Amino acid sequence: MNSVLVASNRGPVSFTVDDDGALTMKRGGGGLVSGLSGVTKDHGVLWVCAALSDGDRIAARQAPGGRLDHAGYDTGALRMLDIPAATFHRAYNAVANSTLWFVNHLLYDTPNAPSFGSRFLREWESYRDYNGAFALALAEEAHHGARVMVQDYHLTLTPAMLRAERPDLRIAHFSHTPWAPPEYFSLLPDDVAREVLEGILGADHAGFLATRWADAFMDCCRALLGARVDHAARTIIHEGRTTRVGVHGLGVDGDALCERAGEPDVESHMAALRDQVGDRALIVRIDRTELSKNIVRGLLAYREFLAAHPEWHGRVVHLAFAYPSRHDLPEYREYTASVQRCAQEIEDEYATEDWDPLILNVNDDYPRSLAAYRMADVLLVNPIRDGMNLVAKEGPILSPRAALVLSREAGAAAELGPHALVVNPYDISDTAGALHEALVMPEEERVRRRRELVAAATALPPERWLEAQLDALDKLGPTQG
């Protein structure tokens, strides 16, 4: 039995099946995994996750009770849930990524979508089943009075389900995404919206990355549930239970990041990039081709910058690393294609025999990303909406001189905004002007801003971020049941 448990869709490792049928294990992807892997392993936390691939499912089936640590894998304490593939697909793609993600990032083209009918109701049932599988596993694994940290929009129903099974537990839910205001959140069917909110309110503590997301959640609870909300005290009272709301701005372990960025594979990528770009100034962006990341408008801003400032022709290169994301969904395949079309138009218009103004790469390569961070003169982070955005925090740590151009709609803007060039992500002229301002920024100002950015970015590294939430659970009174 375990006294601290973490639950998330994606786990700290993933498995692939080799040609000979053997399983190969590697580190899982995503910001949550990067932030928590070391912390959970070092502190004996049990991590409960879903099997995402065929390799994961084979590993989970071969492990006693799905406990990979009991099967001899060096994973830390880990239970991987073999949820039926069809149930997982509907819960993950149709509900979590195509519905809840779209709502909280305000991504819908509302004249055309969403449309909720009988098909969605079947998909929602799978989402319930998926959350129920997590609740059951956590109930089985948790020590009496244990603390359980449920992560993100994939598992909004799990806290209430787990509360019903194990009222002795202290439960926290953390949202790594933004949260929509009530008028947008109410696009969801009324009963679904209530179920999501009441699911999270099954937790004793609901955490968010920024104050604005916490406030939006509380506003939804008041407007859609009629809950008693106290913004000053950050409490929500609904059906006799009190849920406390916390803001925990996940930061970066600067020492660990710098150590990784100094390894030989990163040095090799730096040499290769320098061969490509010479001594030109570098504008760097590193993102998944996620609709909310706003890559196309970033490219259009760079194009407008080149049109307005011919003196920079031949003297600057934009490194745009845009790694494909969620290609199971047609919207994402089309968006990746739009990024590639826009990049090609810039090349066609401005490239010369001895100057490539834009280097676009769509193949995920973590060491190369770290190399680009270290070389950046300007870091462009312009999402239309983002829970936090760790790129905005990682870049200044690794670059000794990069100026940060940051969207006001990133959660990180609350902490980094005073030391960045803050832009309206929909205004490409504004962003183009900020790119120029960043390039010509005096060195003394760059150094001063960078020092403040690093201090803010490392203020709450993953270990302290997790401890802050565990402390919040410890400070609560007796469990409410």
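Since we're looking at a predicted model, the values are computed, not measured. (Residues numbered from 1 in each chain as written. Predicted model: local features only at pLDDT ≥ 70, side-chain atom pairs only at ≥ 80, totals over all residues. Heavy atoms only, no water.)

## Section: the pairing of strand β7 (residues 170-175)
Item 1. Most of β7 sits inside the fold, with six of its six residues counted as buried.
Item 2. Along β7, one buried face is formed by Arg170, Ala172 and Phe174 and the opposite face, lined by Ile171, His173 and Ser175, is buried too.
Item 3. By the bridge criterion, five bridges tie strand β6 (residues 142-151) to β7 in an arrangement that is parallel. In the sheet register, valine 150 faces β7, and the bridge partner there is histidine 173.
Item 4. Relative to strand β8 (residues 205-208), β7 runs parallel, the two sharing four bridges. Within β8, the residue paired with serine 175 across the bridge is phenylalanine 208. (Buried < 20%, exposed > 50% of the residue type's maximum accessible area, 1.4 Å probe, protein only. Helix = DSSP H or I, 4+ residues; strand = E, 2+ residues; numbered from the N terminus. Pairing = 2+ DSSP bridges.)

## A short note on the pairing of β6
Item 1. For strand β1 (residues 2-7) and β6, the ladder comprises five bridges, and the chain directions are parallel. The partner of asparagine 2 across the bridge, within β6, is alanine 142.
Item 2. Read from β6 through helix α5 (residues 158-165) to β7, the crossover connection turns out right-handed. (Right-handed = clockwise from strand over helix to strand, strands pointing away.)

## A short note on the sheet that holds strand β11 (residues 241-247)
Sheet strands associate in pairs through backbone hydrogen bonding, adopting either a parallel or an antiparallel arrangement.
Item 1. What the nine strands build is an open sheet, ordered β5-β4-β1-β6-β7-β8-β11-β10-β9; its pairing is mixed. The strands lining the two open edges of the sheet, one partner per strand, are β5 (78-81) and β9 (228-230). Each adjacent strand pair in this sheet contributes to an overall mean axis angle of 20°, direction not counted.
Item 2. Packing against the sheet, helix α18 (residues 462-474) makes contact with β1, β6, β7 and β8, and its axis sits at approximately 130° to β6. (Axes fitted to C-alpha atoms, helices over the stretch in contact; angles between N-to-C directions. Contact = heavy atoms within 4.5 Å.)

## Here we look at the nonpolar core
The nonpolar side chains of a soluble globular protein tend to be buried, and buried together.
Item 1. Ranked by internal contacts, the top residues of the largest apolar core, which has 168 residues, are Trp179, Phe185, Phe217, Val316 and Leu319.
Item 2. Ignoring anything within four residues of it in the chain, the contact list for tryptophan 179 reads Asn104, Phe185, Val196, Leu197, Ile200, Phe208, Trp213, Ala216, Phe217, Cys220 and Arg385. (Core = buried A, V, L, I, M, F, W, Y, C linked by side-chain atoms within 4.5 Å.)

## Side note on the sheet that holds strand β13 (residues 316-323)
Item 1. Strand order in the open sheet formed by six strands is β14-β13-β12-β15-β16-β17, with parallel pairing between adjacent strands. Either end of the sheet is taken by a strand with one partner, and the two such strands are β14 (358-361) and β17 (421-423). Going from strand to strand, the sheet's axes swing by 15° on average, the running direction of each strand aside.
Item 2. As defined by bridge partners, β13 adjoins β14 across four bridges and the pair is classed as parallel. Looking at β14, one finds that leucine 319 is bridged to isoleucine 359.
Item 3. The strands that helix α11 (residues 295-308) touches are β12 (281-288), β13, β14 and β15 (378-381); relative to β13, the one it contacts most, it runs at about 170°.
Item 4. Strands in contact with helix α13 (residues 366-375) are β12, β13, β14 and β15; relative to β13, the strand with the most contacts, it is inclined by about 150°.

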